[in-house]
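Here's the letter readout for the chains.
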There are 2 protein chains.
Amino acid sequence: MTQTPLDYSAAGVDYDKIDPLKILAQKAASATQHNLAGHGVSEIPASRGESAYVMDLGGTLIASITECLGTKALVADAVRAISGRTHYDSIAQDTIAMAVNDLITVGATPLSVHAYWSAGGSGWFADEERMRDLVSGWQKACDVCKVSWGGGETPALAGVVEEGRIDLAASSVGVIPSRDRLTLGDKLAAGDAIVLLAASGIHANGVSLARKLVERLPEGYATRISDGRTYGEALLDPTTLYVPVTEALFAAGIVPHYSANITGHGWRKIMRHPASFTYRIHTLPDVPPVLSFIQQHAGIDDREAYGSLNMGAGFALFVAADQAEECARIAREAGVPAWVAGRVEAGAKQVVIEPLALSFSAEELHLRA
Amino acid sequence: MTQTPLDYSAAGVDYDKIDPLKILAQKAASATQHNLAGHGVSEIPASRGESAYVMDLGGTLIASITECLGTKALVADAVRAISGRTHYDSIAQDTIAMAVNDLITVGATPLSVHAYWSAGGSGWFADEERMRDLVSGWQKACDVCKVSWGGGETPALAGVVEEGRIDLAASSVGVIPSRDRLTLGDKLAAGDAIVLLAASGIHANGVSLARKLVERLPEGYATRISDGRTYGEALLDPTTLYVPVTEALFAAGIVPHYSANITGHGWRKIMRHPASFTYRIHTLPDVPPVLSFIQQHAGIDDREAYGSLNMGAGFALFVAADQAEECARIAREAGVPAWVAGRVEAGAKQVVIEPLALSFSAEELHLRA
């Protein structure tokens, strides 16, 4: 490659500009927790800064979250011209996955989902094929996750959302049947095993980079990747829903010590837990062809690739070492390839990917105020 | 007025195009309710089609909702150049009001709110003054409603959201302490009184019309309205938060028989309840000057004005006749002007506004599948 490597700031996402607001908002949000006392409700303090918020309503633990798809619908819009399909059934699954895959990290069983479909004008909803795909994909993903689609909002916001585009998000409410099921990190310990769950492809993170790359490809989204599919269609493989895995684990009596949804920040998310541990990875997954393609054609090294993309691992479970193999087996039985990938060790906070002789230090992940 | 009257389709919102999707989505959503059975949870069926979704978790009733601001932030963006203020503290309150004012209609006490702030690029978050106003306004509205700000999402979505703009939404979770508190409409009866709660101004509905009108005004948002304020600043009065009213009513042992948040469709929303009743209004509020200004300058008649704008009444409570005066008094003590405005009668489904010799028939409100 003779071109400049693409990275996130080249792709238009500048985390330095977003993070100060996030920290300001996190502090203000935390200051409102006292409002619950008058209702006889309390928050689970450790859930602040985690992926979902948990409240204790007289012993009933309720988790909630709102998450957005990001820009993946722009890929669907572009690929439709090549494939002749809207791909909004997949996009619907992606959007729900963004919410429920975060909700389950705290130990919750998702119960309901609300849709947020905010279009750039009323005309968006007049495309019947796309609309039917979006609705049917949403319903199907709800059925896979065993959640009820409780409602939603479908505004037409010309002037806010771009003409012909849609801003998709989902909120979800779940229940944690008992305090033993809370996975907020207090159980994580040196000696625990790291079980990774396979990703179906790019999921819905790293999409800005993937879209930027298209500008470099003479055939754009129609470019064939190593498995013979087009780049565009491979990008649109829907995000894996990990709810059936966590539900199967709970049914088998296995409560992870911690969980991390591998989204933005790629494998750096493996050290999401606030404490200092070394996360040593010994076994890598096969990298989905679409992600190998991106790494190669964007000209990025392993540090950049594993630090921003899922590279084949979409979810990390941290479990007692003697439950690791069973955990992986249960996940596979629930339909998601899984493997014992590494272990948690005492030591400086870092992710060490031994097969790649690569490590990420704590300074490379800033998620909390 | 010699100009063509402005109405909603001229203002770019075409409900005919949105509604078929809504109905398709409502049917698909309803089909997912069976997913709850495996979790030992059930939905409250009457909450489908109401403003918030309610689930019964072993006796704990949880309500949830996701709502969007709409296009009101575009007004703030334009008025900032005149007023020198960002107005995003007000915009934050508007966004939270859209969610909690709907959540309380089912009898819920709101507990938590999630923020959804989806910007047209990372640069949006780099404007420190606007960012601080948004955060402080959000926190303040949470404090007024006694809810905990549980978290949120702040994506930068260049290509989806317009450059320099932000798509704002809120989701909220609440609890209904007992089944007696559910206000899903089974209690509504002929003879009930209609208590209306005052609106602070346009709130966040009818904003497309208000923005369209600016194009006709030589001085635009800087035009003075009857109270001496500028049109732009008056539009930005934040939406009234009605949570303190419903909480005060509950504390006094008054459970409304039904509630309706008066948003899109204006006073037609008074007949939101699915049954056939005649809603006869005998006492009108003073119309906020900004709404009188819109009616006059948009050249719309009372039918159009009351059928699409709140015209001074932002929330309707339907209560037992012998509790009506006390209900209005409690609302006023909670800081919101309120009055006994009419009564529910047996008869054809319609809203009759006697002082205006105006009525809306059932055919003029289609909200349900």
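Above this text sits the structure in question.
Now for a description of the structure that goes with this document.

Reading the values: the criteria
Residues numbered from 1 in each chain as written. Chains lettered and ligands numbered in written order. Predicted model: local features only at pLDDT ≥ 70, side-chain atom pairs only at ≥ 80, totals over all residues. Heavy atoms only, no water. Pairing = 2+ DSSP bridges. Helix = DSSP H or I, 4+ residues; strand = E, 2+ residues; numbered from the N terminus. Axes fitted to C-alpha atoms, helices over the stretch in contact; angles between N-to-C directions. Contact = heavy atoms within 4.5 Å. Buried < 20%, exposed > 50% of the residue type's maximum accessible area, 1.4 Å probe, protein only. Arc of directions from axis to C-beta. Least-squares fit on C-alpha atoms with pLDDT ≥ 70 in both. Core = buried A, V, L, I, M, F, W, Y, C linked by side-chain atoms within 4.5 Å. Domains from an automatic or database assignment. Parallel < 35°, antiparallel > 145°, perpendicular 65-115°, else oblique. Left-handed = near helix turned anticlockwise from the far one by under 90°. Polar contact = N/O pair within 3.5 Å; in protein donor to acceptor, adjacent residues only side chain to side chain. Buried area = accessible area lost by both parts, 1.4 Å probe. Salt bridge = Lys/Arg side-chain N within 4 Å of Asp/Glu carboxyl O. Nonpolar A, V, L, I, M, F, W, Y, C, P; charged D, E, K, R; others polar. 1 Å grid on protein atoms, 1.4 Å probe; cavity = no way out; pocket = protein on both sides within 12 Å on 5 of 7 lines; lining within 4 Å. Points joined across faces, edges and corners; volume = space filled by probe spheres on them. Phe/Tyr/Trp six-rings, centres within 6.5 Å; stacked < 30°, edge-to-face > 60°. Lys NZ or Arg CZ within 6 Å of the ring centre and 35° of its normal.

### With respect to the sheet that holds strand E2 (residues 53-57) of chain A
Residues and elements named next belong to chain A.
Phase 1: If you walk across this open sheet you meet the 6 strands as E1-E2-E3-E6-E4-E5, and the pairing is mixed. Two strands in the sheet have a free side with no partner beyond their single neighbour: strand E1 (41-43) and strand E5 (148-153). Neighbour to neighbour, the strand axes of the sheet diverge by 20° on average, direction disregarded.
Phase 2: Two strands pair when backbone bridges link them, and strand E3 (residues 60-68) and strand E6 (residues 166-176) are joined in this way by 8 bridges, in the antiparallel orientation. Each residue of the ladder has a partner; that of Ile62, found in E6, is Val175.
Phase 3: Each of E3, strand E4 (109-119) and E6 touches helix H3 (residues 88-103); the most contacted strand, E6, lies at about 40° to it.

### Focus on helix H7 (residues 243-251) of chain A
Residue and element names in this part refer to chain A.
Phase 1: Turning to H7, its buried residues number three or more, namely Val243, Val245, Thr246, Leu249 and Phe250. In an axial view of H7, the angular spread of the buried residues amounts to 165°, which keeps them on one side of the axis.
Phase 2: Tucked inside the fold, the buried residues of H7 contact H3, E4, helix H4 (128-145), strand E7 (193-198), strand E10 (313-319) and helix H10 (324-333).
Phase 3: Gly253, located one to two residues past H7, shows a positive phi value of around 80°.

### What about the relation of the copies chain A and chain B?
Phase 1: Between chain A and chain B, which share one sequence, the superposing operator has a rotation angle of 180° and an axial displacement of 0.0 Å; the RMSD is 0.0 Å. Viewed as a symmetry operation, the transformation between the two copies matches a two-fold axis. Across chain A, the smallest distance between a C-alpha and the rotation axis is recorded for Val161(A), namely 2.1 Å.
Phase 2: The share of interface residues of chain A whose copies in chain B are also at the interface is 100%, consistent with both copies meeting through the same surface.

### Let's talk about the pairing of strand E9 (residues 278-281) of chain A
Residue and element names in this part refer to chain A.
Phase 1: With 4 bridges joining them, E9 and strand E11 (residues 338-345) adopt antiparallel strand pairing. Bridged to Thr278 within E11 is Glu345.
Phase 2: As paired elements, E9 and strand E12 (residues 350-353) share 4 bridges and run parallel to each other. For Tyr279, the partnering residue across the bridge sits in E12 and is Val351.

### Regarding the nonpolar core
One broad rule of soluble globular proteins: the nonpolar side chains tend to lie buried together.
Phase 1: Counting 117 residues, the largest nonpolar core has Trp117(A) and Tyr231(A) as the members making the most contacts within it.
Phase 2: It is H3(A) that provides the largest number of residues to this core, a total of 9 residues.
Phase 3: In this structure, this core is formed jointly by two domains, domain 1 (36-181) and domain 2 (193-364) of chain A, each of which donates at least three residues.
Phase 4: The next biggest cluster of nonpolar side chains, apart from the first, holds 116 residues, and it includes Leu61(B), Val135(B), Leu168(B) and Leu217(B).

### Re the packing of H3(A) against H4(A)
All names here are of chain A.
Phase 1: Taken N-terminus to C-terminus, the directions of H3 and H4 make an angle of 40°; their axes are 7 Å apart at the nearest point. One way to sum up the angle between H3 and H4 is to call them oblique. In this structure, H3 crosses over H4, and the sense of that crossing is right-handed. Packed against H3, whose contacting residues are Tyr88, Asp89, Ala92, Gln93, Thr95, Ile96 and Val100, the element H4 presents Arg130, Asp133, Leu134, Gly137, Trp138, Ala141, Cys142 and Cys145 at the interface.

### A look at the environment of Asn310(B)
Residues and elements named next belong to chain B.
Phase 1: Relative to the helices and strands, Asn310 resides in the loop between helix H9 (302-308) and strand E10 (313-319).
Phase 2: The spatial distance from the C-alpha of Asn310 to the C-alpha of Lys269 is 9.5 Å, given a sequence separation of 41 residues.
Phase 3: In this structure, Asn310 is in contact with Ala199, Gly201, Ile202, His203, Ile262, Trp267 and Leu291, ignoring residues within four places of it in sequence.
Phase 4: In this structure the side chain of Asn310 is engaged in a polar contact, spanning 3.5 Å, whose partner is the backbone oxygen of Ile202.

### Some words on the interface of chain A and chain B
Phase 1: Each partner contributes to the interface: chain A provides 79 residues, whereas chain B provides 79 residues.
Phase 2: Summing the contributions of chain A and of chain B, the shared interface buries around 6,300 Å²; its carbon and sulfur component is 66%.
Phase 3: If you sort the residues of chain A by the area they bury against chain B, Leu21(A), Thr66(A) and Val160(A) come out on top, with a joint share of 10%.
Phase 4: At the junction of chain A and chain B, the tally comes to 0 salt bridges.
Phase 5: Counting every contact that joins chain A to chain B gives 26 residue pairs in polar contact (both at pLDDT 80 or more).
Phase 6: Of all the secondary-structure elements, those providing two or more residues to the side of chain A that touches chain B are helix H1 (15-30), E1, E2, E3, E4, H4, E5 and E6 of chain A.
Phase 7: Ranked by residue count, the leading element in the side of chain A that touches chain B is H1(A), at 9 residues.
Phase 8: Across the side of chain A that touches chain B, the residue classes break down as 40 nonpolar, 23 polar and 16 charged.

### Some remarks on empty space enclosed by the protein
Phase 1: Summed over the entire model, instances satisfying the criterion amount to 4 cavities of 30 Å³ or more.
Phase 2: In this structure, the largest cavity encloses a volume near 70 Å³.
Phase 3: At the level of secondary structure, the elements contributing two or more residues to the lining of the largest cavity comprise E3 and E6 of chain A together with strand E3 (60-68), strand E4 (109-119) and strand E6 (166-176) of chain B.
Phase 4: Per-class residue counts for the lining of the largest cavity are 4 nonpolar, 10 polar and no charged.

### A few points about the packing of aromatic side chains
The geometry of an aromatic ring pair is captured by the separation of the ring centres together with the interplanar angle, meaning the angle of the planes.
All names here are of chain A.
Phase 1: Counting across every chain of the model gives 25 aromatic pairs over all chains.
Phase 2: Note on Trp117 and Trp149: the rings are 5.8 Å apart at their centroids and 55° apart in plane angle, and the pair reads as tilted. Here Trp117 is found in strand E4, whereas its partner Trp149 is found in strand E5, with 32 residues between them in sequence.
Phase 3: Given a relative accessible area of 1%, Trp117 falls into the buried group.
Phase 4: Taken together, the ring pairs connect Tyr258, Phe277, Tyr279 and Phe318 into an aromatic cluster.
Phase 5: Over the ring of Trp124 we find Arg130; its NZ or CZ atom is 3.9 Å from the centre of that ring.

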